[in-house]
Amino acid sequence: DEFFMSEGWMSIERLIDSGHHFRSALLSPSRVSRFLPYLERPELAGVPVYVADSDVMDRIVGFHLPRGVLVCAERRPLATVEDLARTSRRLVVLEALNDDENVGAIARAARAFDVDGMLLSPTCTDPYHRRTVRVSMGEILHMRVARATAATWPAALDTLHAAGFETWALTPDAAADDLWSTPVPDRVALVVGAEGPGLDPATMSLATRRIRIPISTAVDSLNVGHAAAIAFAATSR
C-alpha cells in the first residue's frame, strides 16, 4: 500500500510533525472552522480538502466516524533490521500481534520511554492501520519501524545479537528472570508476543534471556501493552 488514513485532531498534529506527505483531507461541516488553521501550515499546501455530511462520510468510510476528521497520507519506507540494529540502543520486538490497539498502545509507550525503534515479525499487524495510528496518538508515525520477512524470522534476533543487543523475551513463566533484579545492558531489545499464545518456542529459544514481571499470583498475566510499558520504564531507569 502507498498511503494510510489518520483520524482525530491529535493524530493529525503528530502526522504533520512526522514529515509524512499529506494526500487529502475529509471533514464534516462542523469541523471545517477548526481545520482552517491547518491549511496555513506548509505541510498542507495544495492538499485537497473535501467536506461531506456525516451520513455521506459514513458511507465513504464504511462506518460511523464520530470525530468527523479523516486525512490520507503517504507511507514512508520501513527501516531495515540492520539499520535499527546499527543505530539503536533500545528496541521493542513484536511477534504476531494482531490487535491494532495493542500495537498502538505499545508504540505510544515506546515513544514515552525513548525506545529507538520497533521490529515486527512478518505476521504482525500493519503499523499504519487507522486504529493503530489513532491509539498511538500519532506517535507510531515518529517511530522507526522494520519488518522481518518470513525467511528472516526469528533469525532477525541474531542480527540484533551481532550488533551487541541482548534480547529479553517477556513471559509470565515463574522460572524466568525477575525484571526488577536483572541488570540492564547498554543495548537491549524487549520481545513480546500476542496475548494468549505468547512467544513462539523458536523465538523464545533464540532470546538472550527470558524475563518476567513479578505480579500477584492471583492474576494470570498483564495486557501486552501494559507489560511492554512497564518493561520500557524498567529498562530506561
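The coordinates are above.
Residues numbered from 1 in each chain as written. Predicted model: local features only at pLDDT ≥ 70, side-chain atom pairs only at ≥ 80, totals over all residues. Heavy atoms only, no water.

**Q** I would appreciate a short explanation of the environment of S54 in the present structure.
**A** Examined against the element boundaries, S54 turns out to sit in helix α3 (residues 54-61). Separated by 13 residues in the primary sequence, S54 and R67 have C-alpha atoms spaced 9.9 Å apart. (Helix = DSSP H or I, 4+ residues; strand = E, 2+ residues; numbered from the N terminus.)

**Q** Would you take a moment to explain helix α1 (residues 9-18) for this structure?
**A** Because each turn of an α-helix spans 3.6 residues, side chains separated by three or four positions in sequence point in the same direction. The buried count for α1 comes to 7 of 10 residues, which makes it a mostly enclosed element. Among all positions in α1, only W9, S11, I12, R14, L15, I16 and S18 are buried. Lining the buried residues of α1 we find β1 (3-7), β2 (22-27), α2 (32-35), β4 (69-74), α5 (100-112) and α6 (130-135). Two residues or fewer after α1 comes G19, characterised by a positive phi angle close to 90 degrees. (Buried < 20%, exposed > 50% of the residue type's maximum accessible area, 1.4 Å probe, protein only. Contact = heavy atoms within 4.5 Å.)

**Q** Please explain the pattern of salt bridges as it appears in this structure.
**A** Should their charged atoms come close, side chains of opposite charge can pair. Overall, the coordinates contain 19 salt bridges when judged by the stated rule. Across the salt bridge formed by R86 and D83, the nearest N and O atoms sit 2.9 Å from each other. Of this pair, R86 and D83 are both found in helix α4 (residues 81-87), 3 residues apart, which corresponds to roughly one turn of the helix. Classification of R86 as exposed rests on a relative accessible area of 56%. One network of salt bridges, with partners in common, ties together E7, R67, D100, E101, R130, R131 and R134. (Salt bridge = Lys/Arg side-chain N within 4 Å of Asp/Glu carboxyl O.)

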